[in-house]
Amino acid sequence: MSMRTLPLVFINLGGEMLYILDQRLRAHNTSEDNSDKVMNDIVGTMFSKAFMDELLKPQQLYSHRTLKTVLTRLAHASIMRLNPASMDRLYELMVMAFKHQVLLCPRPKDLLLISYNHLDTVREFVKDTPAAVNQVDETHRRIIETYGLLSEGELQLLRQTLLIFFQDMHVRVSLFLKDKVQNPNGRFALPASGPVPHGIEVPGLIRMFNSKGREVKRCEFPTGGSYSSSIRQGSFELHGDRVVRLGRNMYSVCHPEETHTSKPPSTDDSPNLLAKEELNLLARLMGCMKVENVQRSGTGFRINLFSTDKEEEEAGASGADDSMFGVINIQAMQDVQASTELARIAGEFADLPENPSGSKGDDLLAMMDDL
Amino acid sequence: MYHKEKSIQIKNSASALYNNLSVLRIAPRSLTYFTVVHANVVNMVSASWDGLNYSHRQLQSKEPNVATSTSLIMQAAWCVLPSRDLLVLTSQKGIQMYESDGSIMVYWHALDTPETPTAQAVFARGIAAVREKYICVGVSSGAMLVFDIPTKGSNITLAEVLEEHKESITDMASECSGSLECIADLVSADDAGNLCVWKSGEEFQLLNKIPGFDMCCSSVKLWKGTVVAGYGTGQIRLYEAVTGILHAEVSAHARWIYSLDIAPFSGLLLSAAEDSLVRVWHLTQTPETNSVEIAHMYNECVTDTQICGAKFCDGDGYAFAVTGYDLSEIIRYTQT
């Protein structure tokens, strides 16, 4: 399948993450200074040249677990802290939003317009920090350069790869349910009306030709839908009207949104060890990011995705405080050991609170000992 | 014209891949086999015609004797040859051929995969049985592998590599009317919409090349010398295979077409797309005027589903089956 999914995955999932964090920071009445710092730190890390360089290398799309780990680390590049339960729900929200966008994407090429919608909004979030804006612009240019020449067939392969990645995820999102974008069973509604995608004809016409290529007969057939002609095409440049609405910030009106989990996460929690390539990718991506030393600066703060602090504590169980100490331990290890990238990540995995179902961190450590 | 029957439940949901349903009718045993691809697994169901017995089997794309390697499967399809039926799986790693019930793997062909991944994806896609003894499989580079199939056993060999396409192969189809008069045996399609028409033999001969317009042809069929092609633009085009003359163009769907099928005895055509619609058409050939006409017969909407596979279950088109992305069932329809 496609070897070019990662950059688009991070831009879109990362974008969704920033949309949600922005909404929660505002709902939490976080000071503007803190909010700006969080956004700038995450954007600065995500759009750094080193990180993008790694993503742009041709490679497979790895597991949900790897993605979630990297996105958690991205979030922790700021002074904000999320406990694992919050991160799980944040991840579900991000993935369901992106799944919706990819599924409803009118043409495979419009995946790029969806990505550019995310980039446009992220640029807005950091508009007061020229350095961050530059990074977003530079990333945008690289994306245009890399993906601008792909054929529709190759972009459809990319989209199909993403759809396999999202397969069987039906987490219900209350904002989607309310807007009837998602059905109560968790499946997305596909409209059979509206404008056809750009470059596609409205269905309903049969044209027949003679051997000289002249049209000799034309007839219509009933289509069972109500489509209209396509509207103008969106802009694929650095700036411009994207026309496609998918990928825009759906949280820009303040609702405190929650996720309802339809069933426990199925796929990726099996106790299989990460494949070696996947672990190497993880090492390289993590190596591009620095975790803020919260304890030393004393400015760290926690953020809620749940409605009350009490729920936050219950969901986090013993996790919340441990992750704070986890951060400190990592920094200490970094100072003490001039160790390999993998060993440092091993330390992080060991410190994260464990799943009640198994000791995945231990398996990883054991595997790394064998490498 | 058709009404919905009881669906067949499958173990996993269908992946969003072109032509993601294959059907094999086994009349002597009153059974029909179905296969649906889910990521790195092929779900096979055998359904008895009385609707009482279903049995399931799963196949993985795996190199023989290599425990940990599985890869994503692009397509699974039965190849019907006079002497035997084989189930062919194409994946990122290679091509596997099984006995038709999926019980024994009889052949494995590995694709050349580079040490470090390149930007161009590597995979096999596009499967067709041709005449008495060939199975053709397409590759992402545009190459087509022609395998020589003995009447029984596993002594399958790669006979020829055809390098005409420059873009990834999407689908292939052999002449399905059963007529021996047709000159063209095989049509192949690629990501740029180019179609190649071939005559089989010791060396396959290229009869014609029909250019695409940079719009992917995702599904193709060949019937009585007419190529029926489905495109990402939602259009269906009918071409005379050997000359490339365009007979008809239909603005059939509002989204990417994922599957076409023809019932060879009746000339019924099935088209299915991401727009949730399955449409049934009728093809008529008038040899005197050398024209082919297409008429619309029926629509079926599978609500909120992007369809990825649709096939007739018999040669007359009395029944058809449909799969959709994220759906864990095979939906069936029969004529009223």
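This is a predicted model, so every value here is computed, not measured. (Residues numbered from 1 in each chain as written. Chains lettered and ligands numbered in written order. Predicted model: local features only at pLDDT ≥ 70, side-chain atom pairs only at ≥ 80, totals over all residues. Heavy atoms only, no water.)

Digging into the overall build of chain A
The cut-off we apply is this: Here a strand is any run of E in DSSP of at least two residues, a helix any run of H or I of at least four, and the numbering for each starts at the N terminus. Areas reported here follow the Shrake-Rupley algorithm with a probe of radius 1.4 Å; residue values treat only the protein chains shown as occluding.
Check the secondary structure of chain A and you find 15 helices and eight strands. Accessible surface computed for chain A: about 16400 Å², of which carbon and sulfur atoms make up 51%.

Thoughts on the packing of aromatic side chains
To keep things clear, this is the line we draw: The pairing test for Phe, Tyr and Trp rings, Trp by its six-membered ring, is centres within 6.5 Å, and the orientation test on the planes gives stacked under 30 degrees, edge-to-face over 60, and tilted for anything in between. Think of it in three bands: with a 1.4 Å probe and only protein chains considered, a residue is buried below 20% of the maximum accessible area for its type, exposed above 50%, and partly exposed in between. Our definition puts a charge over a ring when NZ of Lys or CZ of Arg is within 6 Å of the ring centre and also within 35 degrees of the ring normal.
The tally for this structure, following the rule as stated, stands at 14 aromatic pairs over all chains. Between the aromatic rings of Y2(B) and Y298(B), the centroid separation amounts to 5.4 Å while the plane-to-plane angle is 50°, which identifies the pairing as tilted. With Y2(B) in strand β1 (residues 2-4) and Y298(B) in strand β26 (residues 291-301), the pair connects residues that are 296 residues apart, well separated along the chain. Arranged with centres 4.8 Å apart and planes meeting at 70°, the rings of Y2(B) and F320(B) form a pair that is edge-to-face. Residue Y2(B) is located in strand β1, and its partner F320(B) is located in strand β28 (residues 319-324); the two are separated by 318 residues in the primary sequence. Taken individually, Y2(B) and F320(B) each receive the classification buried, so the pair is uniform in this respect. Cation over ring: K109(A) sits above F236(A), and NZ or CZ is 4.8 Å from the ring centre. Sitting over the face of the ring of Y231(B), R237(B) holds its NZ or CZ atom 4.3 Å from the ring centroid.

Brief notes about the nonpolar core
A general tendency of soluble globular proteins is for nonpolar side chains to be buried together. Keep this limit in mind: Joining through side-chain atoms within 4.5 Å is the link that ties buried Ala, Val, Leu, Ile, Met, Phe, Trp, Tyr and Cys residues into a set, and such a set is a nonpolar core.
F10(A), M17(A), L195(B) and V227(B) are the most contacted members of the largest nonpolar core, which has 116 residues in total. Counting 23 residues, the second largest nonpolar core, distinct from the first, contains A39(B), L72(B), I73(B) and M74(B).

A closer look at the confidence of the model for chain A
The cut-off we apply is this: pLDDT gives the predictor's per-residue confidence on a scale running from 0 to 100. In this description, contact between two residues means that some pair of their heavy atoms is separated by no more than 4.5 Å.
Averaged over every residue, the pLDDT of chain A is 76; residues scoring 70 or more account for 71%. Across residues 306-371 of chain A the pLDDT falls below 50, and counting only partners more than four positions away or on other chains, this stretch makes 76 contacts in the model.

Considering the sheet that holds strand β15 (residues 169-174) of chain B
All names here are of chain B. Let me state the cut-off plainly: DSSP calls a pair of strands paired once it identifies at least 2 bridges connecting them. Fitted lines through C-alpha atoms give the axes, limited to the stretch in contact for helices. The angle between two N-to-C directions lies from 0 to 180 degrees.
Strand order in the open sheet made by the four strands is β15-β16-β17-β18, with antiparallel pairing throughout. Of all strands in the sheet, those bounded by a partner on one side alone are β15 and β18 (205-210). Each strand of the sheet is rotated relative to its neighbour by a mean of 20°, with strand direction disregarded. Direction of pairing for strand β16 (residues 186-190) relative to strand β17 (residues 195-199): antiparallel, over a ladder of four bridges. Along β17, the bridge assignment pairs S188 with C196.

A closer look at the pairing of strand β13 (residues 144-148) of chain B
All names here are of chain B. When you tally the buried positions in β13, you get four out of five residues, the bulk of the element. Bridge analysis of strand β12 (residues 134-139) against β13 gives five bridges, and the strand direction is antiparallel. Considered in β13, the bridge of G138 is made with M144. Between β12 and β13, which pair antiparallel one after the other, the connecting turn spans four residues, and G142 there sits at a positive phi close to 105°.

Looking at empty space enclosed by the protein
The following threshold applies: A pocket, in this scheme, is an open set of points on a 1 Å grid over the protein atoms alone with protein on both sides within 12 Å along at least 5 of 7 lines, while a cavity is a set where a 1.4 Å probe fits but cannot get out; residues line either one if an atom lies within 4 Å of a point. Grid points are joined across faces, edges and corners, and a volume is the space filled by probe spheres set on the points. Charged means Asp, Glu, Lys or Arg here, nonpolar means Ala, Val, Leu, Ile, Met, Phe, Trp, Tyr, Cys or Pro, and polar covers whatever is left, Gly included.
One pass over the full model with this rule turns up four cavities of 30 Å³ or more. Empty space within the largest cavity amounts to approximately 140 Å³. Lining the largest cavity are 13 residues, with E154(A), L157(A), A119(B), Q120(B) and A121(B) sitting closest to its centre. Per-class residue counts for the lining of the largest cavity are six nonpolar, four polar and three charged.

A few points about the side chain of E274(B)
Which entries qualify depends on this criterion: Polar contacts, as counted here, are pairs of nitrogen or oxygen atoms within 3.5 Å of one another; within protein the pair requires one atom able to donate a hydrogen and one able to accept it, and residues that are adjacent in sequence qualify only if both atoms are side-chain atoms.
The residue E274(B) is located in the loop between β24 (268-273) and β25 (277-286) in this model. We classify E274(B) as buried; its relative accessible area is 7%. A polar side-chain atom of E274(B) sits 3.2 Å from a polar atom in the side chain of Y258(B). When sequence neighbours within four positions are dropped, the list of residues in contact with E274(B) reads Q156(A), R159(A), R255(B), W256(B), Y258(B), T305(B), Q306(B) and I307(B).

With respect to the interface of chain A and chain B
Test applied: Two parts placed together each lose some accessible area under a 1.4 Å probe, and the buried area is that loss summed for both. The salt bridge definition used is simple: a Lys or Arg side-chain nitrogen within 4 Å of an Asp or Glu carboxyl oxygen.
Taken together, the contact pairs 49 residues of chain A with 53 residues of chain B. In this assembly, chain A packs against chain B so that about 4200 Å² is buried in total across both faces, 53% of it on carbon and sulfur atoms. On the chain A side of the interface with chain B, the three residues burying the most area are M1(A), Q167(A) and L190(A), jointly 14% of the side's total. Put simply, chain A and chain B have four salt bridges between them. Among the secondary structure elements, those contributing two or more residues to the side of chain A that touches chain B are α5 (84-104), α8 (152-166) and β4 (205-209) of chain A. Ranked by residues supplied to the side of chain A that touches chain B, first place goes to α8(A) with 10 residues.

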